[in-house]
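# Remarks on the overall topology
Here is what each chain is made of, one letter per residue.
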Amino acid sequence: KSFKLAARDSAHVEIMRIGTYKPEWGGISEKEIIDVLKSGKILIPQIEVLPTAVVANGDKPPEIVIRFDMPFGPDFVDMAAELPPNWQ
């Protein structure tokens, strides 16, 4: 079952997923994660986001909805157009 919101301009983003460090259960050891992050092979750029709204929805019990807006979206017609600041 999908929990995606019906509106075309909305999406759910998973903030955290609880997994396992046990390889025999399909996970990866904590040491392996730390080793690959220290290796410099995975580069995670700085991401700056500021919510435009934080509200409780009408569900019972209510869920927290965090909304983010962009000052403008990408131009899919002119591919040479400048990207939004958070896409660069």
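The structure under discussion appears in the preceding block.
Quick look at the structure, then. Since this is a predicted model, take the numbers as computed values, not measurements.

Our focus in this paragraph is the overall build of the chain. Within the chain, the secondary structure is distributed over 1 helix and 2 strands. When the helices and strands of the chain are listed from N to C terminus, the series reads α-β-β. Counting the 88 residues in the chain, one finds 2% classified as buried. Considering only intrachain contacts with a sequence separation of at least 6, the fraction spanning at least 24 residues in the chain is 0%.

Evaluation of the coordinates by the stated rule reveals 0 aromatic pairs. Between Lys-22 and the ring centre of Trp-25, over which it is positioned, the NZ or CZ distance is 4.2 Å.

Relative to the elements of secondary structure, Ile-64 occurs in strand β2 (residues 64-67). Taking the C-alpha atoms as reference points, Ile-64 and Val-54, separated by 10 residues in sequence, lie 6.9 Å from one another. With residues near it in sequence (within four places) discarded, Ile-64 still touches Val-54 and Val-55.

Time to look at a nonpolar patch on the surface. Together, Tyr-21, Ile-28, Ile-33, Val-36, Leu-37, Ile-42 and Ile-44 make up an exposed nonpolar region whose accessible area comes to about 620 Å². Taking relative accessible area as the criterion, Val-36 reaches 32% and is therefore assigned partly exposed.

What follows concerns the pattern of salt bridges. Within this structure, the stated rule accounts for 1 salt bridge. The salt bridge partner of Asp-35 is Lys-31, with a shortest N-O separation of 2.6 Å. Of the two residues, Asp-35 and Lys-31 are both situated in helix α1 (residues 30-39); the distance of 4 residues between them amounts to about one turn of the helix. Its relative accessible area of 38% is what places Asp-35 among the partly exposed residues.

Here we come to the environment of Pro-51. Assignment of secondary structure puts Pro-51 in the loop between α1 and β1 (53-56). Accessibility expressed as a relative area gives 37% for Pro-51, which makes it partly exposed. As for Pro-51 and Ile-66, which are separated by 15 residues in sequence, their C-alpha atoms are 6.4 Å apart.

Cut-offs and rules
Residues numbered from 1 in each chain as written. Predicted model: local features only at pLDDT ≥ 70, side-chain atom pairs only at ≥ 80, totals over all residues. Heavy atoms only, no water. Helix = DSSP H or I, 4+ residues; strand = E, 2+ residues; numbered from the N terminus. Buried < 20%, exposed > 50% of the residue type's maximum accessible area, 1.4 Å probe, protein only. Contact = heavy atoms within 4.5 Å. Phe/Tyr/Trp six-rings, centres within 6.5 Å; stacked < 30°, edge-to-face > 60°. Lys NZ or Arg CZ within 6 Å of the ring centre and 35° of its normal. Patch = residues over 30% accessible without salt bridge, like charges linked within 9 Å, V, L, I, M, F, W, Y side chains within 5 Å. Areas by Shrake-Rupley, 256 points an atom, 1.4 Å probe, with all protein chains shown as cover. Salt bridge = Lys/Arg side-chain N within 4 Å of Asp/Glu carboxyl O.

Worth remembering: the numbers are spatial, not functional.
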